[in-house]
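# Report on the structure
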There are 2 protein chains.
Amino acid sequence: MAARQGDTKAEIRQVAMELFTQQGYEATSLREIAERLGVTKAALYYHFRSKEDIVRSLFGDYLAALDDLVAWASTQAPGPQLRTQVIDRMLHLSAEHGRQAMQFALANQHVVRELHPGRETASELLRTLFGAITDPNATMQEALRIRVALLSVNLTMFAAQGLDATDAQVDAAARDIAHLLS
Amino acid sequence: MAARQGDTKAEIRQVAMELFTQQGYEATSLREIAERLGVTKAALYYHFRSKEDIVRSLFGDYLAALDDLVAWASTQAPGPQLRTQVIDRMLHLSAEHGRQAMQFALANQHVVRELHPGRETASELLRTLFGAITDPNATMQEALRIRVALLSVNLTMFAAQGLDATDAQVDAAARDIAHLLS
DNA sequence: GTCTATACGTGGATAGAC
DNA sequence: GTCTATCCACGTATAGAC
């Protein structure tokens, strides 16, 4: 209890991230988060304005960075080079925001979707990104493989759960796999 | 409304599958399902005993089949052959239960987890499966790639959303990708 | 900065009429 | 087979005291 002055907000974020990832966003109540921390629901409202505010504070940065990536890719000419660059940037994002963020995003797609106010939904975003890196004349097989290559970055982070590996090792493996597919 | 005798149950299942996949299980209320069908909540309770009962009727078969696969794989010796066989069986499962089931499972992992009464959780199940097909002496990189190969089957189904492709084409692409990685 | 108390809506679920 | 009416628990959120 010595460590409960000023960092309460950080603790809330940490517990919320954990529970949201394990059980899902809707399945996790504020009461649950509060109990786990030994505080009351009302205490949470001192630090955050709403439940959505918590999740937003958890992923706002990542989503914004993803937006930027998509916007940038849309201005480039499709082709193998762009593919490589986009994959590298995805890896960079994953490394920067941590595996847990990826796992949350995968487990709470519909929540992430709602967090995009007035913007594209997550699937539209993905579709835009796919379009940007895929040659218009590509066959269906090629297009599909490129999509899987891109998604494999996050999938690898997910698959690494419980595996005895450093972040750097996982990053390297993700890069190998994505490039193998693209 | 002529088509509202006897197939109501089927309609409920269909709408539920759709909404659960799009919005998530908890985020979808029974009221929402009922309204969409033009009936009342109480009507749903005539056909199903609970909300969980609906989702169970949607995925019980798939989960049972997955259980069988894991149990079988555990009795086999790990190696390249087993890997190929497991991947083929996964493809078979996906084909049999449809892409939408895969999408639901991916979007509602924590719900699927709860549906396993007295059994392993979904992640334990996956871990068991991974263990069965991975050589104990494999490097971390190899182990990770095998995991991703297995998961890529479902991922490919997911990635095929909105793509103009037949089920057979997607299956074939999934097989290629999984084998490329394994 | 954290609490008690409470309001309010909604969700799942049941009883009983038609 | 579907409806109305209703119950109860829970979830988010607020007001105001300490």
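Note: the structure precedes this text.
Let me sum up the structure you'll find in this document. (Residues numbered from 1 in each chain as written. Chains lettered and ligands numbered in written order. Predicted model: local features only at pLDDT ≥ 70, side-chain atom pairs only at ≥ 80, totals over all residues. Heavy atoms only, no water.)

Right, let's get into the protein's contact with DNA strand D. Lys41, Tyr45 and Lys51 of chain A together with Thr40 and Tyr46 of chain B are the nearest of the 18 residues found near DNA strand D. One nitrogen or oxygen atom from the main chain of Leu30 of chain A is found 2.9 Å from a phosphate oxygen belonging to DNA strand D. Residue Lys51 of chain A places a side-chain N or O atom 2.9 Å away from a phosphate oxygen belonging to DNA strand D. When residues of the surface near DNA strand D are traced back to their parent elements, those giving at least two are helix 2 (30-37) and helix 3 (41-47) of chain A together with helix 3 (41-47) of chain B. (Near = heavy atom within 4 Å. Polar contact = N/O pair within 3.5 Å; in protein donor to acceptor, adjacent residues only side chain to side chain. Helix = DSSP H or I, 4+ residues; strand = E, 2+ residues; numbered from the N terminus.)

What follows covers the pattern of salt bridges. All chains considered together, the criterion is met by 8 salt bridges over all chains. The partner of Arg31 of chain A in a salt bridge is Glu35 of chain A, with the nearest N and O atoms 3.4 Å apart. Note that Arg31 of chain A and Glu35 of chain A are positioned in helix 2 at a spacing of 4 residues, about one turn of the helix. Overall, Arg31 of chain A belongs to the partly exposed group, its relative accessible area being 46%. On the basis of relative accessible area, Glu35 of chain A is assigned to the exposed category, the value being 53%. Here Asp88 of chain B ties to Arg175 of chain B by a salt bridge, and the two come within 3.7 Å at their closest N and O atoms. Residue Asp88 of chain B is located in helix 5 (residues 80-107), and its partner Arg175 of chain B is located in helix 9 (residues 167-181); the two are separated by 87 residues in the primary sequence. Classification of Asp88 of chain B as partly exposed rests on a relative accessible area of 31%. (Salt bridge = Lys/Arg side-chain N within 4 Å of Asp/Glu carboxyl O. Buried < 20%, exposed > 50% of the residue type's maximum accessible area, 1.4 Å probe, protein only.)

Moving on, we get to the interface of chain A and chain B. Counting residues at the interface gives 34 residues for chain A and 34 residues for chain B. For the pairing of chain A and chain B, the buried interface totals around 3100 Å² over both sides, and the portion due to carbon and sulfur atoms is 73%. Three residues stand out in chain A for area buried against chain B, namely Met140, Leu144 and Leu155 of chain A, and they jointly supply 17% of the buried area on that side. There are 7 residue pairs in polar contact (both at pLDDT 80 or more) connecting chain A and chain B. Elements that contribute at least two residues to the side of chain A that touches chain B include exactly helix 1 (8-23), helix 5 (80-107), helix 6 (109-114), helix 8 (140-159) and helix 9 (167-181) of chain A. A per-element tally of the side of chain A that touches chain B places helix 8 of chain A first, with 11 residues. Its residues assigned to classes, the side of chain A that touches chain B shows 18 nonpolar, 10 polar and 6 charged. (Contact = heavy atoms within 4.5 Å. Buried area = accessible area lost by both parts, 1.4 Å probe. Nonpolar A, V, L, I, M, F, W, Y, C, P; charged D, E, K, R; others polar.)

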